[in-house]
Amino acid sequence: MPDTKRHLDLPTADELELIDEQELVIRFQNGDISAFNTLVLKYQNRIAKLIYRHINDAETTKDLCQEVFLKAFKALPKFKRESAFYSWLYRIAMNCCIDFLRQQNRRKTIAFEELTGGPEELKLISKYPSPSHLIEMEELGKVINKAVSQLAPKQQRVFRLRYDQKLQIKEIAVLINRSEGTVKTHLHHAHRRLRELLRPYLENRPLEWDAEI
């Protein structure tokens, strides 16, 4: 007996390879929306692998893949076919990766600024590292905690009371039995030391004080 009919008659990988993408694009631009589904089948794995190489996260890759093809679907009616469809799709995917990674890096920098005194005090270089070296946002908390643990005991205590416990300067002064000026001095030195410790992280250089990062 013949084999069971292929599920939904989807084309095989070999069949997809032989499909003329230009013909599919023309069909789509002439109103055949179903032609886009075939383009997705033909290139979704290649685009997913491309995104994953830069993002290195499976769930985010899925989300960005959907975003790439959604943008392609919306823009395809105006595609002038002056380049290969995949080259055009590749550029959309890379722009999505770069936008995502820049957004993550902005969040990382903003979070760091909030903890270490604000942009006026930091005066960090406004520069985006290359996408291949950016890391996920959730790593920031771990890095900051380890950096805080490198502070001198008095600085560390005041810093954690201020930012972990959300205490005001005057409250910290009462708690540690020191003047408000002393508390501010400890915070100032803690901010300065954290900038030194975390600057390599923001510039995507190794943290010499922590081999695990």
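These notes cover the structure that comes with them.

1. Observations regarding the pattern of salt bridges
Between side chains of opposite charge, pairing is possible as soon as their charged atoms come close.
Now for step 1: Here the structure, examined in full by the defined rule, presents four salt bridges.
Now for step 2: Residue glutamate 59 is joined to lysine 62 by a salt bridge in which the shortest nitrogen-to-oxygen separation is 3.7 Å. In this pair, glutamate 59 and lysine 62 both sit in helix α4 (residues 58-75), three residues apart, roughly one turn of the helix.
Now for step 3: Residues lysine 71 and glutamate 67 are paired through a salt bridge, measuring 3.2 Å at the closest nitrogen-oxygen approach. Of this pair, lysine 71 and glutamate 67 both sit in helix α4, four residues apart, roughly one helical turn.
Now for step 4: Accessibility expressed as a relative area gives 32% for glutamate 67, which makes it partly exposed.

2. Side note on helix α9 (residues 169-176)
Now for step 1: Those residues of α9 not exposed but buried are Ile169, Ile172, Ala173 and Ile176. All buried residues of α9 fall inside an arc of 105° around its axis, so they share one side. Residues of α9 that are exposed and angled more than 90 degrees away from the buried face: Lys170 and Val174.
Now for step 2: Residues of α9 that are buried sit in contact with α8 (153-163) and α10 (180-202).
Now for step 3: Remark: asparagine 177 follows α9 within two positions and exhibits a positive phi of approximately 60°.

Rules behind the numbers
- Residues numbered from 1 in each chain as written.
- Predicted model: local features only at pLDDT ≥ 70, side-chain atom pairs only at ≥ 80, totals over all residues.
- Heavy atoms only, no water.
- Salt bridge = Lys/Arg side-chain N within 4 Å of Asp/Glu carboxyl O.
- Helix = DSSP H or I, 4+ residues; strand = E, 2+ residues; numbered from the N terminus.
- Buried < 20%, exposed > 50% of the residue type's maximum accessible area, 1.4 Å probe, protein only.
- Arc of directions from axis to C-beta.
- Contact = heavy atoms within 4.5 Å.

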